[in-house]
Amino acid sequence: MKLFSNSFKYLVNSIIVSLMVLPALVIANEGGFPLDPAPDRSNNMAALQNGAKLFVNYCLNCHSASAMRYSRLQDLGLTDGQIKSNLLLASDKIGDLMKTNLSDKDAKAWFGVTPPDLSVIARAKSSGAGSGADWLYTYLRSYYKDDSRPTGWNNMVFPDVAMPHVLWELQGIRSVKYEDVEEHGKKSRVFSKFETIIPGKLSEAEYNSEVADLVAYLNWMSEPVQNTRKRLGVWVLLWLSVLSFLAWRLNSSYWKDVK
Ligand code: HEC
């Protein structure tokens, strides 16, 4: 008996806590650069494989993903042979964790900060303004040239970021145009558009698609079991409804004789 009423209390408490935390998350993100929704490629194996390749080629120089082993990429339909010949650095083995060769000391000296581990970055960046994937998708497409920065780059989503635009050869070099607006008698300068200074190897649509693949991979990596988790979630919800129903029936039968 006790068990049921405690579980029920726990359920109610969790709901109350979630309701209290949600608005705080939404408020924290107001006024930021608007996020573009990342295309959902979570079940697209070709996209995830391409994303893994982009990650190894362009990100692993500086960032680790130390919750991931290369061998895990088999879950994306890659064979050992493919992983070894296309994705592994010569010095690494298939069972190794995805570690960067950049030392903390060099990172500090070059960038002033250590590039964070990206294993769960898609979850870490999720907020009221959009999913972590939306943040990443917009971030990697919002770099612009800024000569006042030590790297020569700046970013609309992450102002004064210490990371250079590592995909610039693909996207090209862009600048930002602002416009003056007047609202309620107040003048301000707001973002108007990006303008291409030097085109990259890819068209805008192609670049967006590559970034979408990379983000799908980062998202997958942050939760490789998420498809299983979603299936489990349905059962958990069913179980909770059964539990709530029982708690409600028990509660009425307790109080029946008191009235
Ligand atoms: C040349 C080194 C370098 C490379 C290559 C690099 N990054 Fe970074 N990255 C950094 C640094 C340094 C930071 C920290 C920026 C800061 O805090 O200002 C960073 C920060 C980030 C962040 C923000 C993390 C946070 O917690 O806010 C993300 C996301 C990110 N990088 C993704 C990537 C992806 C994806 C790639 C591959 C396309 C990549 N990076 C390649 C150096 C690099």
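The structure reproduced in this document is the subject of the present report. (Residues numbered from 1 in each chain as written. Predicted model: local features only at pLDDT ≥ 70, side-chain atom pairs only at ≥ 80, totals over all residues. Heavy atoms only, no water.)

### Some details on the overall build of the protein
Part 1 of the reasoning: Secondary structure assignment for the protein yields 9 helices and 6 strands.
Part 2 of the reasoning: A burial count over the protein gives 32% of its 259 residues as buried.
Part 3 of the reasoning: Sequence separation of at least 24 residues holds for 63% of the intrachain contacts in the protein that already meet a minimum separation of 6.
Part 4 of the reasoning: Here the protein has roughly 16,200 Å² of accessible surface; of this, 59% comes from carbon and sulfur atoms. (Helix = DSSP H or I, 4+ residues; strand = E, 2+ residues; numbered from the N terminus. Buried < 20%, exposed > 50% of the residue type's maximum accessible area, 1.4 Å probe, protein only. Contact = heavy atoms within 4.5 Å. Areas by Shrake-Rupley, 256 points an atom, 1.4 Å probe, with all protein chains shown as cover.)

### A closer look at the site of the ligand
Part 1 of the reasoning: Near the ligand, the surroundings consist of 21 residues, among which Cys59, Cys62, His63, Lys125 and Met163 are the closest.
Part 2 of the reasoning: Within the side chain of His63, one N or O atom sits 2.7 Å away from a nitrogen atom of the ligand.
Part 3 of the reasoning: Within the contact set of the ligand, an oxygen atom lies 2.7 Å away from a side-chain nitrogen or oxygen of Lys125.
Part 4 of the reasoning: At the level of secondary structure, the elements contributing two or more residues to the shell around the ligand comprise helix H6 (132-139) and helix H8 (204-222).
Part 5 of the reasoning: The element that contributes the greatest number of residues to the shell around the ligand is H6, accounting for 3 residues. (Near = heavy atom within 4 Å. Polar contact = N/O pair within 3.5 Å; in protein donor to acceptor, adjacent residues only side chain to side chain.)

### Considerations on the coordination of the iron atom of the ligand
Part 1 of the reasoning: Taken together, the protein donors to the iron atom of the ligand comprise His63 (NE2) and Met163 (SD), at separations of 1.9 to 2.1 Å.
Part 2 of the reasoning: Using a relative accessible area of 10% as the deciding quantity, one classes His63 as buried. (Donors = N, O, S within 2.8 Å, 3.2 Å for Na, K, Ca; no water.)

### Quick look at the pattern of salt bridges
Pairs may arise between side chains of opposite charge once their charged atoms sit close together.
Part 1 of the reasoning: Scanning all chains against the criterion turns up 8 salt bridges.
Part 2 of the reasoning: Where Asp36 meets Arg141, a salt bridge forms, and the shortest distance between an N and an O atom there is 3.0 Å. Separated by 105 residues along the polypeptide, Asp36 in the loop between helix H1 (2-28) and helix H2 (45-58) and Arg141 in the loop between H6 and strand S3 (143-145) bring together distant segments of the chain.
Part 3 of the reasoning: According to the relative accessible area criterion, Arg141 is buried, its value standing at 13%.
Part 4 of the reasoning: With a closest N to O distance of 4.0 Å, Arg123 and Glu223 form a salt bridge. Of this pair, Arg123 sits in helix H5 (residues 121-124) while Glu223 sits in the loop between H8 and helix H9 (226-256); the two residues are 100 residues apart in sequence, bridging distant segments of the chain.
Part 5 of the reasoning: Classification of Arg123 by relative accessible area gives partly exposed; the value is 47%. (Salt bridge = Lys/Arg side-chain N within 4 Å of Asp/Glu carboxyl O.)

### Thoughts on the packing of aromatic side chains
Part 1 of the reasoning: Considering all chains together, one arrives at 9 aromatic pairs under this definition.
Part 2 of the reasoning: Considering the side-chain rings of Phe33 and Phe191, the 5.0 Å spacing of their centres and the 90° angle between planes classify their relative orientation as edge-to-face. You can see Phe33 sitting in the loop between H1 and H2 and its partner Phe191 sitting in strand S6 (residues 186-199), a full 158 residues away along the chain.
Part 3 of the reasoning: According to the relative accessible area criterion, Phe191 is partly exposed, its value standing at 27%.
Part 4 of the reasoning: Taking 5.6 Å as the distance between ring centres and 50° as the angle between the ring planes, the aromatic pair formed by Tyr139 and Tyr143 counts as tilted.
Part 5 of the reasoning: Taken together, the ring pairs in this structure connect Trp135, Tyr139, Tyr143 and Phe158 into an aromatic cluster.
Part 6 of the reasoning: Its guanidinium or amino end placed over the ring of Tyr137, Arg141 lies 4.0 Å from that ring's centre, counting from NZ or CZ. (Phe/Tyr/Trp six-rings, centres within 6.5 Å; stacked < 30°, edge-to-face > 60°. Lys NZ or Arg CZ within 6 Å of the ring centre and 35° of its normal.)

### Details of the environment of Ile198
Part 1 of the reasoning: Mapped onto the secondary structure, Ile198 falls in strand S6.
Part 2 of the reasoning: The partly exposed category is assigned to Ile198, whose relative accessible area is 45%.
Part 3 of the reasoning: Once the C-alpha coordinates of Ile198 and Glu169 are considered, the two residues, 29 residues apart in sequence, prove to be 9.6 Å apart.
Part 4 of the reasoning: The residues touching Ile198, leaving out its near neighbours within four places in the chain, are Gly172 and Ile173.

### Considering the pairing of S6
Part 1 of the reasoning: Pairing of strand S5 (residues 172-183) with S6, which is carried by 12 bridges, proceeds in the antiparallel orientation. By the bridge assignment, Asp180 is partnered in S6 with Arg189.
Part 2 of the reasoning: Between S5 and S6, which follow one another and run antiparallel, lie 2 residues, and His184 among them has a positive phi close to 50°. (Pairing = 2+ DSSP bridges.)

Don't take any of this as a statement about function, it's just geometry.
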